[in-house]
Amino acid sequence: MKTDQTNYLRRLKAKKEEALEFVMDEYFPLVKGIVTPILLPLEKRELAEECISDVFLSVWHNAEKFKGEKEADFRKWLCAIAKYRAIDFYRREKKRLEIPSSGDESMDVCLPQQSAEELVLFKESTRELEKMLNLFSPTDRRIFIMKFFWGMPSEEISRKLGLTKSAVDNRIYRGKKQLVKGVMSFGDG
């Protein structure tokens, strides 16, 4: 059975993936129109994209909670989810963790007790790592710090940031690729 305007609500509640695809195709402009203005002051396009994906993921996971029967009811429900998700994303982003600048003396606590040459190399590599991490979006930077500096598992990071575990894992994967690419280009220069 093909999902269309007459049966998508029933099929969405029955967890038929093509119903979610239909909803995404049909309502993407509406959701984008709600999310984008709320997140626009942050000037982070990728955050808006992530939020839009999260809205549709919420619709998928909570479809059985939708009690209406008409498209107008569904549109109102979807708009409410989009609005409140975007507000949540905005608030979380405003509270993001900042990387200390290279002039921060608190970084000296973890310096090795080695020769002067090793100390210089360590400080130089620390500055390069800071430069590369500062190329990340604030959310990605925060995920990397939590994962690789604080040793937090992805599940805990996802709870703290209000993201799905798969979103955290995807960001870690993309970040690792970006770091490797940065290291390779650094080696060429």
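Please refer to the structure higher up on the page.
Residues numbered from 1 in each chain as written. Predicted model: local features only at pLDDT ≥ 70, side-chain atom pairs only at ≥ 80, totals over all residues. Heavy atoms only, no water.

## A look at helix α7 (residues 154–161)
Thinking step 1. Where α7 is concerned, the buried positions are Ser 154, Ile 157, Ser 158 and Leu 161. All buried residues of α7 fall inside an arc of 100° around its axis, so they share one side. Along α7, exposed side chains directed more than 90 degrees from the buried face belong to Arg 159 and Lys 160.
Thinking step 2. Two residues or fewer after α7 comes Gly 162, characterised by a positive phi angle close to 70°. (Buried < 20%, exposed > 50% of the residue type's maximum accessible area, 1.4 Å probe, protein only. Helix = DSSP H or I, 4+ residues; strand = E, 2+ residues; numbered from the N terminus. Arc of directions from axis to C-beta.)

## Description of the pattern of salt bridges
Thinking step 1. Across all of its chains, the model carries eight salt bridges by this definition.
Thinking step 2. Residues Glu 64 and Lys 15 are paired through a salt bridge, measuring 3.7 Å at the closest nitrogen-oxygen approach. In this pair, Glu 64 sits in the loop between α3 (45–61) and α4 (71–94) while Lys 15 sits in the loop between α1 (8–13) and α2 (17–39), placing the two residues 49 residues apart along the sequence.
Thinking step 3. Look at Lys 15 and you get partly exposed, because its relative accessible area is 34%.
Thinking step 4. A salt bridge links Arg 45 to Glu 49; the shortest N-O distance between them is 2.9 Å. With Arg 45 and Glu 49 both in helix α3, this residue pair falls four residues apart, about one helical turn.
Thinking step 5. Relative accessible area serves as the criterion here: at 65%, Arg 45 is assigned to the exposed category. (Salt bridge = Lys/Arg side-chain N within 4 Å of Asp/Glu carboxyl O.)

## Structural notes on α2
Thinking step 1. Here α2 contains 23 residues, and its C-alpha end-to-end distance of 28 Å is more than 12% below the 33 Å for a straight helix at 1.5 Å per residue.
Thinking step 2. Considering bend angle alone, the principal kink of α2 is centred on Tyr 27 and spans about 60°; proline Pro 29 follows within four residues of it.
Thinking step 3. Burial in α2 covers these residues: Ala 19, Leu 20, Phe 22, Val 23, Tyr 27, Val 31, Val 35 and Leu 39.
Thinking step 4. Where the residues of α2 are buried, they touch α1, α3 and α4. (Expected span 1.5 Å × (residues − 1). Bend = angle between axes of the 7 residues up to and from the residue. Contact = heavy atoms within 4.5 Å.)

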